[in-house]
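A look at the structure
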Amino acid sequence: MEAFTTHTGRAVPLRRSNVDTDQIIPAHWLKKVTRDGFEDGLFEAWRKDPEFVLNRPERQGATVLVAGPDFGTGSSREHAVWALQNYGFKAVISSRFADIFRGNSLKNGLLTVVLDQPTVDALWELTETDPQAEITVDLEAREVRAQGITAAFELDENARWRLLNGLDDISITLQNEADIAAYEAKRPSYKPRTLQV
Amino acid sequence: MGRTLAEKVWDDHVVRRAEGEPDLLFIDLHLLHEVTSPQAFDGLRKSGRQVRRLDLTIATEDHNTPTLDIDKPIADPVSRVQLETLRKNCADFGVRLHPLGDVEQGVVHVVGPQLGLTQPGTTVVCGDSHTSTHGAFGALAFGIGTSQVEHVLATQTLPMARPKTMAITVDGELPEDVTAKDLILAIIARIGTGGGQGYVLEYRGPAIEKLSMEARMTICNMSIEAGARAGMIAPDETTFAYLEGRAHAPEGEDWDAAVAYWKTLRSDEDAVFDAEVVIDASELAPFVTWGTNPGQGAPLSASVPDPASYEDASERLAAENALKYMGLTAGQPLRDIKVDTVFVGSCTNGRIEDLRSAAGILDGRKVADGVRMLVVPGSVRVALQAVEEGLDKVFKEAGAEWRHAGCSMCLGMNPDQLAPGERSASTSNRNFEGRQGKGGRTHLVSPQVAAATAVLGHLASPADLSEAPATAGV
Ligand code: SF4
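Residues numbered from 1 in each chain as written. Chains lettered and ligands numbered in written order. Predicted model: local features only at pLDDT ≥ 70, side-chain atom pairs only at ≥ 80, totals over all residues. Heavy atoms only, no water.

So, about the overall build of chain B. Along the backbone of chain B there are 16 helices and 19 strands. When the backbone C-alpha atoms are referred to their principal axes, chain B occupies close to 60 × 55 × 50 Å. A buried classification covers 65% of the 474 residues belonging to chain B. When contacts within chain B are restricted to residue pairs at least 6 apart in sequence, long-range pairs at least 24 apart make up 76% of them. Across chain B, the centroid of the 43 positively charged side chains sits 5 Å from that of the 65 negatively charged ones. (Helix = DSSP H or I, 4+ residues; strand = E, 2+ residues; numbered from the N terminus. Buried < 20%, exposed > 50% of the residue type's maximum accessible area, 1.4 Å probe, protein only. Contact = heavy atoms within 4.5 Å. Lys, Arg positive; Asp, Glu negative; His and termini not counted. Charge placed at Lys NZ, Arg CZ, Asp CG, Glu CD.)

A few words on the environment of Thr67 of chain B. Residues and elements named next belong to chain B. Following the sequence through the fold, Thr67 ends up in the loop between strand E4 (57-60) and helix H3 (77-93). The class of Thr67 is buried, set by a relative accessible area of 4%. Put simply, Thr67 and Arg52 are 15 residues apart on the chain and 34 Å apart in space, counted from C-alpha to C-alpha. Leave out the neighbours within four places in its chain, and Thr67 touches Val376, Arg403, His404, Ser408, Asn414 and Asp416. Of note is the side chain of Thr67, whose polar atom sits 2.6 Å from the side chain of Asp416. (Polar contact = N/O pair within 3.5 Å; in protein donor to acceptor, adjacent residues only side chain to side chain.)

It is worth spelling out the sheet that holds strand E1 (residues 6-14) of chain A at this point. All names here are of chain A. Taken in spatial order, the seven strands of this open sheet run E4-E3-E2-E1-E5-E6-E7, and their pairing is mixed. The strands lining the two open edges of the sheet, one partner per strand, are strand E4 (111-114) and strand E7 (149-152). Between one strand and the next, the sheet's axes are offset by a mean angle of 25 degrees, whatever the strand orientation. Judged from the four bridges that link them, strand E3 (residues 91-94) and E4 form a sheet pairing that is parallel. Following the sheet pairing, Ser94 is matched in E4 by Val114. (Pairing = 2+ DSSP bridges. Axes fitted to C-alpha atoms, helices over the stretch in contact; angles between N-to-C directions.)

Our next topic: the interface of chain B and chain A. Between chain B and chain A, the contact holds 78 residues from the first and 61 residues from the second. Note on chain B versus chain A: buried area summed over both sides is about 5600 Å², and carbon and sulfur give 52% of it. Across the contact surface, chain B and chain A share 10 salt bridges. When the shortest N-O distance is used, the salt bridge between Arg52 of chain B and Glu184 of chain A registers 2.9 Å. Summed over the shared surface of chain B and chain A, the number is 36 residue pairs in polar contact (both at pLDDT 80 or more). The greatest single-element share of the side of chain B that touches chain A, amounting to seven residues, is contributed by helix H5 (residues 146-155) of chain B. Taken together, the residues of the side of chain B that touches chain A sort by class into 27 nonpolar, 32 polar and 19 charged. (Buried area = accessible area lost by both parts, 1.4 Å probe. Salt bridge = Lys/Arg side-chain N within 4 Å of Asp/Glu carboxyl O. Nonpolar A, V, L, I, M, F, W, Y, C, P; charged D, E, K, R; others polar.)

For any pair of aromatic rings, the description rests on two quantities: the centre-to-centre distance and the angle between the ring planes. Overall, the coordinates contain 15 aromatic pairs over all chains when judged by the stated rule. Each ring, one from Phe97 of chain A and one from Phe101 of chain A, has its centre 6.2 Å from the other, and the planes form 15 degrees; the classification is stacked. Both residues of the pair, Phe97 of chain A and Phe101 of chain A, belong to the buried class. A ring pair is formed by Phe137 of chain B and Tyr242 of chain B, whose centres lie 5.4 Å apart and whose planes are at 65 degrees; its orientation type is edge-to-face. Linking Phe137 of chain B in the loop between strand E6 (123-126) and strand E7 (140-143) with Tyr242 of chain B in helix H9 (residues 237-243), this pair joins segments that are 105 residues apart in sequence. Neither residue differs from the other here; Phe137 of chain B and Tyr242 of chain B are each classed as buried. Joined through ring pairs, the aromatic side chains of Phe43, Trp46 and Phe52 of chain A make up one cluster. Looking at Lys32 of chain A, its charged tip hangs above the ring of Phe38 of chain A, at a distance of 5.5 Å from the centre. (Phe/Tyr/Trp six-rings, centres within 6.5 Å; stacked < 30°, edge-to-face > 60°. Lys NZ or Arg CZ within 6 Å of the ring centre and 35° of its normal.)

Before going further, it helps to spend a moment on the sheet that holds strand E12 (residues 275-280) of chain B. All names here are of chain B. Spatially, four strands are ordered E11-E10-E9-E12 in an open sheet, and the strand pairing comes out parallel. What marks the edges here is a single partner per strand, and that holds for strand E11 (230-232) and E12. Neighbouring strand axes in the sheet, compared pairwise and without regard to direction, differ in orientation by 20 degrees on average. Relative to E12, strand E9 (residues 164-171) is paired through six bridges, and the arrangement is parallel. Residue Asp171 lies in a different strand from E12, and its bridge partner there is Asp280. Along the sheet, helix H6 (residues 180-191) makes contact with E9, strand E10 (199-204) and E12, crossing E12 at roughly 130 degrees.

With that settled, consider the pairing of E9 of chain B. Residues and elements named next belong to chain B. The buried count for E9 comes to six of eight residues, which makes it a mostly enclosed element. Summarising the sheet, E9 and E10 pair through six bridges and their orientation is parallel. Within E10, the position partnered with Thr165 by the bridge is Val200. For the crossover from E9 across H6 to E10, the handedness is right-handed. (Right-handed = clockwise from strand over helix to strand, strands pointing away.)

What follows deals with the UniProt feature "domain: Aconitase A/isopropylmalate dehydratase small subunit swivel" (unreviewed entry) in chain A. Those places that UniProt annotates as "domain: Aconitase A/isopropylmalate dehydratase small subunit swivel" (unreviewed entry) correspond, in this numbering, to residues 1-117 of chain A. Here residues 1-117 of chain A is 24% helix and 18% strand, with 30 Å between the C-alpha atoms at its ends. (UniProt positions renumbered as here; feature names shortened; annotations may be inferred.)

Residue and element names in this part refer to chain A. A one-sided burial pattern is seen for E7, the buried positions being Ile149 and Ala151 and the unburied ones Thr150 and Ala152. In the sheet, strand E6 (residues 143-146) pairs with E7 via four bridges, with the strands oriented antiparallel. Bridge pairing in E7 places Glu143 opposite Ala152. Counting the residues that bridge the hairpin from E6 to E7 gives two residues, and of these Gly148 lies at a positive phi of roughly 80 degrees.

Before going further, it helps to examine the packing of H6 of chain B against helix H8 (residues 213-221) of chain B. All names here are of chain B. With their axes 9 Å apart at the nearest point, H6 and H8 run at an angle of 20 degrees to one another. Between H6 and H8, the angle falls in the class roughly parallel. Taken as a pair, H6 and H8 cross one another with a handedness that is right-handed. Residues Ala180, Lys181, Leu183 and Ile184 of H6 form the contact with H8, whose participating residues are Ala215, Thr218 and Ile219. Grouping the constituent residues of the contact of H6 with H8 by class yields five nonpolar, one polar and one charged. (Parallel < 35°, antiparallel > 145°, perpendicular 65-115°, else oblique. Left-handed = near helix turned anticlockwise from the far one by under 90°.)

See below:
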C-alpha cells in the first residue's frame, strides 16, 4: 500500500446521500479479476448524464470527493475503492461512511475523512462557487484545510500509523505468528471443519 | 458486569490484544465465492503465501452462475473467466469448492448453514456483506473486503476494532400474515440505513424466539441494510434442532460439549448495550419498499410518501430522487403499483420455507397475464427438497419459471435482469438503482407478498386474494 501523508487537490462536490456501492461501481464490473481498470465504471449510470458533476470540464483532474452522508453503503465490494482510486481520487470526505467501505478504503490507502455536515456543506459551497478551490487533507496534522475552512478530523491512531507508513496488514499480523499458533492449539475439537466428510 | 452475546463470542476469539491496537480475532469459518476472491488469491501468489487453514475454508459459485442451461458453457465470456479463475485458484491452493452443477452448490450464505458449518459461537467471514446471515445461529459473522479476504487466507485472523452493541427487542407476537421479512424491513425503516453503523445488532424478545431458523436468517441477513457490522440471535433449542445431524455438525461427545458451550451464549441479564430499540411485533403489517434504499419502505396499506413531508433536507432530496427513479408519484397507494416481474430467491428469501410459503399461495392460482415470475432456489439442496415436495410443479403450473440455484436476479450479474424501466417485486435485499439490471425498479417484499403480487399483477398481500384458489375443495 502507498503511504498517505498529506494531499492537496481540487474537489468534486457530490450532493447525494446514501451513495451505495452499486452506484459507485455497478455489479457487472465486478466480473473483472484484477484490481485496476475500474475507472470507467465509477458512477457509471450517473455519468450517462452530461450534467453529472463528474462530467463537468471544470472537475477534470479533481482528486478529493466531497459526498453526502452514508457514503459507501451496501455491498462489501472493494472494487468501489479501486474504482475511486483508479479514477484518481485520493481522499473522500463525508459526514458518515458505511463501515465496510471505510475499512476497505483504509486498507488501500484511500483516505476517508469524517467531517460534520456543516463543514461538508461549507466545502460544497466553496467548491461549487470556485471549482478551482483546493482542499488539503493532512493526515499528519489530522486536519482538512481549504479557503476559510480548517477542520480537525479523527482517525484511530493505529489506522493512521498504518496509512502514514503504507504498512501491509498481513506482514504486521504474521509477526504475531506465535500468538496465532497458541490460539489454534487450544481450539475445542467440536469447532466445525470444512474438510469433506 | 455482564456481557452481551456479541462480546462473549468476540472475547472467545481474541488471539492478541494490545493497547492502542485493534484486537486480532481468530476466524473459524471463511466462505469464498468467485467475485471477491480473485484479487486476494493474486495477492497470495505475489507474496508467496499459502492458505493457512484449508480446513476452515470453503468456496462456492453463485453470483455469476446462470440459472438456465447450466450444462452448457457459460455464454458471458467475462463471467466464465471469473468462474474459471475461482476453479483454478481453488485447485492451485487446495480449497474445497462446490462448482456449478455440484449438489452442494448455491448462494454462499445458504450453503454454509445447510452444511452445518455455521455454528453458534463461531466467527464467520466472507467477502460479501450479507455474511450477517450466519448471525442467526449466534455466530459473529461479518462481510469483509478483498484485502481482508487475503488477510484471512494468509493468517486465519483479522485485526478488528471492537464494535458497539445494540439490542433490538421485538416484543409481542407477529400477526399471522406478517413475516420475518416484513419485520426486518420495518426495523430498517425505523432505524434508517445508517442506524446500525458501528454496531452488532442483537435481535431478541418473544417474537424472535418463536421464529424458525430460516426466518432468523432472513432477519440477520438484512442487518447490513441498516448499516450494521453484523446481526445476531442467541442460539436456543430451535438452533440446536436445526443443526443436529447436519454434515458438519459435531457428533457424540463433541455434540454434547458443543451444546453445553452454546447454551452459555446469551446476553447476561445485567449486560449493557450501547443502544436499545424496542419494537412491538403486534403492530406490524406486510411491508414493502417504495424507494431506492431498503430504509425507504412502508406498510403495504400506505401510500407513496410526499418528499415534502421529510424534515431532514438530505432525506427529502433522497426521497425526491427515489420517486423520480422509481417512476412513482406522492400519494399513490402502494397497492396500485403494477409490476412486470416477480423474483423469489436470494440469500434473504431463497430457502425452503420461503419457497413453501410462496407455493402455498400460488397453489391453484395463476400468475397474472404479462407478469414474469422467476423462482430461484437458494441452493441445489433447497431445489431438491422443493422438488421432493412438489413445489416446482406448483410454480410451473401457476406459470412461474423454475430455475437453477444461484444469486440470479438479486443483483443481475448473470443474464437474469430487469430491462430499463421494468418493475419488480423481489424477495431480495437491495432496491438500489440498477441493482437488478440497468434502469430496473425494485420493490422489496416477502415471499408471501411476492406470490400474491404475481397473481394480481400489482403489489398485494395474500389477504387481497379474496377468491379461493381454483382447486380449493377439489
Ligand atoms: S443472493 Fe444477492 S445478496 Fe445474497 S450473496 Fe447473492 S447477490 Fe449477494
